[in-house]
Amino acid sequence: MTGPDITTGQKVTLIAADATVFAPYGRFVTVPDVAGTRLFYSECLHEGPKGAAPVLHTNCVPQAQLPLRCTRIERHPHAAQCFLPLDVSRYVVLVMPSDVRGAPMTEAAIGMVLPGDRGVIFHRNVWHMGASVLDRTGHFAVLMRRGGTQPDDEFRDIPPLLLQ
C-alpha cells in the first residue's frame, strides 16, 4: 500500500515572511532592535470566550519536508493564538480568508517561511495550518485563551494544498 501522492493538489508558493501581507491574518512577534527596550503583544490575551483564561503550553513538532501537503486546517473563533519558537530553525505558516459563510477560501491561501527567531500571532477566527517546522524537530511555546462557555477549536479537512 502506498501513501498519498504529495505532488498533487493546488499549489501554494511559499514566500518569505512579509508583515504587510500577513497583517489581515495576524502579526509577527519580533524582538526590539534597541537594547533596553520592549515590544508589547499583550492585546492578543484580551480576546477569548467568556470565562476563558490564558493558557501557555510548549510542544514538540516533528520535522516536515518541502513540498508539504496540507489537507487539514484549523481556526479559533474566539481567541488569538500565539506561537513563539523556542528551538526552531525555520517554519511554515499557511493562512487563508473565510468566505461570507465562514468557510475557508483555499484558493486564496498564503504560505510563508518564517525564521526561527520570529513568532506569529494568528488573529481570532483565522484559518491556518498547524505548526510545521523545517530542517529539524522544533519546539514552540503556544499562548492563547482556553476554557469558558464556548468551544474554540474548529478543524476542517480541505482538498490538498501543496506548499512549495
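A brief look at the structure comes next. (Residues numbered from 1 in each chain as written. Predicted model: local features only at pLDDT ≥ 70, side-chain atom pairs only at ≥ 80, totals over all residues. Heavy atoms only, no water.)

## Re the sheet that holds strand E6 (residues 81-87)
Cut-off, in case you're wondering: By the convention used here, strands pair only if DSSP detects at least 2 bridges between them. Under the DSSP-based scheme used, a helix requires at least four consecutive residues in state H or I and a strand at least two consecutive residues in state E, with every element numbered from the N terminus. The axes are straight lines fitted to the C-alpha atoms, using for helices just the contacting stretch, and the angles between their N-to-C directions are given from 0 to 180°.
In spatial order, the strands read E3-E9-E6-E12-E4; together these five strands make up an open sheet with antiparallel pairing. The sheet is open, and its two edges are formed by strand E3 (26-29) and strand E4 (53-61), each paired on a single side. Between one strand axis and the next, the sheet turns by 20° as a mean value, whatever way the strands run. Bridging between E4 and strand E12 (residues 138-146) involves nine bridges; their strand directions are antiparallel. For Leu56, the partnering residue across the bridge sits in E12 and is Leu143.

## Description of the side chain of Arg75
This is how it is decided: Any N or O atom pair separated by 3.5 Å or less is treated as a polar contact, with the protein-specific requirement of one donor-capable and one acceptor-capable atom, and with residues adjacent in sequence counted only for side-chain atom pairs. Contact between two residues is taken to exist if any of their heavy atoms lie within 4.5 Å; hydrogens are not considered.
Positionally, Arg75 belongs in strand E5 (residues 68-75). Polar contacts involving the side chain of Arg75 include one to the main-chain carbonyl oxygen of Gly102, which spans 3.0 Å. Leaving out residues up to four positions away in the same chain, Arg75 has contacts with Ser98, Gly102, Asn125, Val126, Trp127, Asp152, Asp153 and Glu154.

## Re the pattern of salt bridges
Going by this rule: Within this document, salt bridges are pairs made up of a side-chain nitrogen of Lys or Arg and a carboxyl oxygen of Asp or Glu, the two lying within 4 Å of each other. The classification of residues rests on relative accessible area computed with a 1.4 Å probe and restricted to protein chains. Under 20% of the type maximum is buried, over 50% is exposed, and intermediate values are partly exposed.
Applying the stated rule across the entire model yields seven salt bridges. Note that Asp157 is salt-bridged to Arg72, the shortest N-O span being 3.1 Å. On the criterion of sequence distance, the pair formed by Asp157 in strand E13 (residues 154-163) and Arg72 in strand E5 is long-range, its members being 85 residues apart. Taking relative accessible area as the criterion, Asp157 reaches 57% and is therefore assigned exposed. Within this structure, Arg75, Glu154 and Arg156 form a network of salt bridges that share partners.

All we've got here are geometric facts, nothing functional implied.
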